[in-house]
Amino acid sequence: MGLPNGSMNRKELFLRACRGEAVPRLPVWMMRQAGRYLPEYREIRAKRAFLEVCKTPELAIEISLQPYRRLGVDAIIVFSDILIPAEAMGMKLELGDAGPNLPEPVRTERDIEALRIFDAESDTRFLMEAIRGIVREVGPTVPLLGFAGAPWTLACYMVEGRTKEGFATVKALMYEKPRAFESLLMKIASATVGYLKAQIAAGAVAVQLFDTWCGELSLADYERFAMPAVREIISRVGGQVPVIYYTKASHHLLPAVARSGADVLSVDWRVDLASARKALGPRIALQGNVDPAVLFGPEEKVRTVTRETAGALGGVGHILNLGHGILQGTPVENAQLFIETGQRVEFAETTRAVTDGR
């Protein structure tokens, strides 16, 4: 599959953007890009359960590659789920169309103590085999991304049992037994370090931490509870490959999030990219941040928002993405339009002026 606009390969383009460098055009991919909006994905899922797909390397490889083949995205993220480590730590896990369910949630100090630090290469070998298989398929010039859930977000599921508005149960544990809760987060962090290192060893050239629910925390609670566990992961994994840290509804946390040690901050559509760059400085690259709902709009709206977002940072330290995962029911042609439009925005070497390469 050819590379639009220039000879720089996708891996080099992506890693340069992660390092905060200028690029001739932005690398473009989408969170949740292998999913239910694609008919070829739905065809597989009609016959196989979600967790079965995650644990069957040949199926995970096929689904991971679908958006690369169909849309020409600049990065592939391995198909899996952020709750895979929760199961490997000893929890019962159910993943279905109704969403995730952990029927025996963590509620006591004894439950926390019972969680184990698993061996990623043996206990989640299926994921490492999928990563190795994808790398074999696409070769050395296409970036393959690994990922994990950040400790606070993973703890939300592990304590609540499923997604619940307000997260009262997990916050009650956090406030009533703060030391026990801190130990839970650090245990998740320790398990995640080994999990991400195994993904890197298998061939991931960057990893992303998903902290989807950190916006539920106040700044004080984020800094006390969530942030130390994130920093523990990044301090032990960072340096090997770039680490991308995704947060949602977290504008009030951005100054703290910027101290996480991440190479790239991935932000949702509520954050103005230019303002974030001005506040955070050039050291941290940014990823995002088109509202996924824009892809339900007319073609011209998709083009306009994509061009504006791509041009927001002048082609320096920016990975173009959505502000959250692509939504079920998104027209495939609009997903294609987003990718192609983003890839056609070019930046002059000397002036960094934005031009439309169509």
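Residues numbered from 1 in each chain as written. Predicted model: local features only at pLDDT ≥ 70, side-chain atom pairs only at ≥ 80, totals over all residues. Heavy atoms only, no water.

## Some details on the side chain of Arg 10
- In this structure, Arg 10 sits in helix 1 (residues 10-18).
- Exposure remark for Arg 10: the relative accessible area of 4% places this residue in the buried category.
- Within the structure, Arg 10 has its side chain in polar contact with the backbone oxygen of Val 73 (distance 3.3 Å). (Helix = DSSP H or I, 4+ residues; strand = E, 2+ residues; numbered from the N terminus. Buried < 20%, exposed > 50% of the residue type's maximum accessible area, 1.4 Å probe, protein only. Polar contact = N/O pair within 3.5 Å; in protein donor to acceptor, adjacent residues only side chain to side chain.)

## Things to note about the state of the cysteines
- As enumerated under the stated definition, the model contains 0 disulfides in all.
- Unpaired in terms of disulfides, Cys 18 finds its nearest cysteine sulfur in Cys 214, a separation of 19 Å.
- Take Cys 156: it sits in no disulfide, and the sulfur closest to it among the cysteines is that of Cys 214, at 9.5 Å.
- Exposure remark for Cys 156: the relative accessible area of 1% places this residue in the buried category. (Disulfide = S-S within 2.5 Å.)

## Here we look at the pattern of salt bridges
- A complete count under the given rule lists 19 salt bridges for this structure.
- Among the ionic pairs, Glu 40 bridges to Arg 70, the shortest N-O distance being 2.8 Å. With Glu 40 in helix 2 (residues 39-45) and Arg 70 in helix 4 (residues 57-71), this residue pair connects regions lying 30 residues apart in the sequence.
- Looking at Arg 70, the relative accessible area reads 35%, which means it is partly exposed.
- Glu 182 is paired through a salt bridge with Arg 224; the nearest N and O atoms lie 3.0 Å apart. Here Arg 224 lies in helix 12 (residues 219-237) and Glu 182 lies in helix 11 (residues 178-202), a separation of 42 residues in the sequence.
- You can call Glu 182 partly exposed: its relative accessible area is 27%. (Salt bridge = Lys/Arg side-chain N within 4 Å of Asp/Glu carboxyl O.)

## Details of the sheet that holds strand 1 (residues 76-77)
- What the 7 strands build is an open sheet, ordered 1-4-5-6-7-8-9; its pairing is parallel. What marks the edges here is a single partner per strand, and that holds for strand 1 and strand 9 (318-319).
- The pairing of strand 8 (residues 285-287) with strand 9 spans 2 bridges and is parallel. From the neighbouring strand, Gln 287 faces strand 9, where its bridge partner is Ile 319.
- Along the sheet, helix 14 (residues 273-280) contacts strand 7 (264-266), strand 8 and strand 9; its crossing angle with strand 8, the most-contacted strand, is approximately 155 degrees. (Pairing = 2+ DSSP bridges. Contact = heavy atoms within 4.5 Å. Axes fitted to C-alpha atoms, helices over the stretch in contact; angles between N-to-C directions.)

## Here we look at the packing of aromatic side chains
- Going through the model one piece at a time under the given rule, you end up with 8 aromatic pairs.
- Seen from their ring centres, Phe 167 and Trp 213 are 5.2 Å apart, and the 50 degrees between their planes marks the pair as tilted. Placement of Phe 167 in the loop between helix 9 (151-160) and helix 10 (168-176) and of Trp 213 in the loop between strand 5 (206-211) and helix 12 is noted, with a sequence separation of 46 residues between them. Comparing Phe 167 with Trp 213, the two get one shared label, buried. (Phe/Tyr/Trp six-rings, centres within 6.5 Å; stacked < 30°, edge-to-face > 60°.)

## Describing the nonpolar core
- One finds Phe 14, Met 30, Trp 152, Met 158, Phe 181, Tyr 222 and Phe 338 to be the most contacted residues of the largest nonpolar core, which totals 141 residues.
- Take this core: its biggest share by element is 13 residues, from helix 11.
- In this structure Tyr 222 touches Asp 211, Cys 214, Leu 217, Met 227, Pro 228, Tyr 245, Leu 253, Ala 256 and Val 257, once residues within four positions along its chain are discounted. (Core = buried A, V, L, I, M, F, W, Y, C linked by side-chain atoms within 4.5 Å.)

Purely geometric numbers; function is a separate question.
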